[in-house]
Amino acid sequence: MIKFIKDNKDMILKVLINQVGMSIFGVVLFMASITAGHSNDGLGGWMKIITSLFSIGFYLVLLYTLSKEEGLKDQIRIESGRKKRDNFRFLKVSLIANFGNIIMGVVMIVVTLLQIGVPEGQETVAGAIGSVVIVLITFIQGMYIGILDTVFNMNCVACLCIVLPAVIACSVGYIAGSYGGFSEMIKSLTTKSEECKENE
């Protein structure tokens, strides 16, 4: 794993930079939606959701494009025999880049379990830790904050699951690129599936 991180540190860093940049963008839009909600009663919640969806969509497109471009570069190396195909390369890159987010999601679940049975309003160490983690999630995963706040009410499971879209976008983008494009990827995987059925 250490060797993988060393070999892919540039890509991991690029994924992190995209995340931080889009998080700031998401927080700015979230604050703007709050301001708009104050001046237009009833629209605040919808504005948060819409701006959050826009931020998430933009973020995922950036990740997909980044991973696809790297996949296209690897396609040349794979076809020339200079590199072994690894369809899980960007799955691992994304998981490593999102390691901190995964930890925060797990911490939120643990904190929520520890808070079961605690009277509302009572201050606890777990509650204080949870508050700090929510602030961190707000600034590190700012593109999701509108949906987390409005739809899921900062649900602990949702705080962990928000990592999945980025992981999927990176994985699909890289695989598509390494096969020469999305349509070529589908064609290749379909062909392999048919060959497996014929060999059975």
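See the structure shown above.
What comes next is a walk through the structure.

Cut-offs and rules
Residues numbered from 1 in each chain as written. Predicted model: local features only at pLDDT ≥ 70, side-chain atom pairs only at ≥ 80, totals over all residues. Heavy atoms only, no water. Helix = DSSP H or I, 4+ residues; strand = E, 2+ residues; numbered from the N terminus. Buried < 20%, exposed > 50% of the residue type's maximum accessible area, 1.4 Å probe, protein only. Areas by Shrake-Rupley, 256 points an atom, 1.4 Å probe, with all protein chains shown as cover. Contact = heavy atoms within 4.5 Å. Arc of directions from axis to C-beta. Phe/Tyr/Trp six-rings, centres within 6.5 Å; stacked < 30°, edge-to-face > 60°. Lys NZ or Arg CZ within 6 Å of the ring centre and 35° of its normal. Disulfide = S-S within 2.5 Å. Patch = residues over 30% accessible without salt bridge, like charges linked within 9 Å, V, L, I, M, F, W, Y side chains within 5 Å. Salt bridge = Lys/Arg side-chain N within 4 Å of Asp/Glu carboxyl O.

## With respect to the overall build of the protein chain
Then, in step 1: Counting its secondary structure elements, the protein chain contains 10 helices and 0 strands.
Then, in step 2: The helix and strand sequence of the protein chain, counted from the amino end, reads α-α-α-α-α-α-α-α-α-α.
Then, in step 3: When each of the 200 residues of the protein chain is scored for burial, the buried share is 38%.
Then, in step 4: When the accessible surface of the protein chain is summed, it comes to about 11600 Å², and 68% of that surface belongs to carbon and sulfur atoms.

## Considerations on the environment of N18
Then, in step 1: Residue placement: N18 occurs in helix α2 (residues 9-39).
Then, in step 2: N18 sits in the buried class, given a relative accessible area of 19%.
Then, in step 3: With 42 residues separating them in the primary sequence, N18 and L60 have C-alpha atoms 9.6 Å apart.
Then, in step 4: Discounting residues that sit within four places of it in the chain, N18 has contacts with Y59, L62, L63 and L66.

## Considerations on helix α4 (residues 89-97)
Then, in step 1: Taken residue by residue, α4 has R89, F90, V93, S94 and A97 as its buried positions. Buried residues along α4 cover an arc of 125° about the axis, so they all sit on one side.

## Looking at the packing of aromatic side chains
Then, in step 1: Evaluation of the coordinates by the stated rule reveals 4 aromatic pairs.
Then, in step 2: With 6.1 Å between their ring centres and 55° between their planes, F25 and F54 make a pair best called tilted. In this pair, F25 is assigned in helix α2 and F54 in helix α3 (residues 44-79), connecting sequence segments 29 residues apart.
Then, in step 3: We classify F54 as exposed; its relative accessible area is 52%.
Then, in step 4: Aromatic pair F90 and Y174: ring centres 5.2 Å apart, planes at 15°, arrangement stacked. Of the two residues, F90 is situated in helix α4 and Y174 in helix α9 (residues 164-178); the sequence distance between them amounts to 84 residues.
Then, in step 5: Every member of this aromatic cluster is reached through a ring pair, and the members are F25, F54 and F58.
Then, in step 6: For R85, the ring lying beneath its charged end belongs to Y179, and the centroid distance is 4.0 Å.

## Considering the state of the cysteines
Then, in step 1: In this structure the tally under the stated criterion is 0 disulfides.
Then, in step 2: Free of any disulfide, C156 has its nearest neighbouring cysteine sulfur in C159, separated by 7.3 Å.
Then, in step 3: A relative accessible area of 12% means that C156 is categorised as buried.
Then, in step 4: Taking relative accessible area as the criterion, C159 reaches 2% and is therefore assigned buried.

## Topic: a nonpolar patch on the surface
Then, in step 1: Together, V132, V135, L136, F139 and I140 make up an exposed nonpolar region whose accessible area comes to about 430 Å².
Then, in step 2: Tracing the backbone through its elements, the reader meets V132 in helix α6 (residues 125-140).

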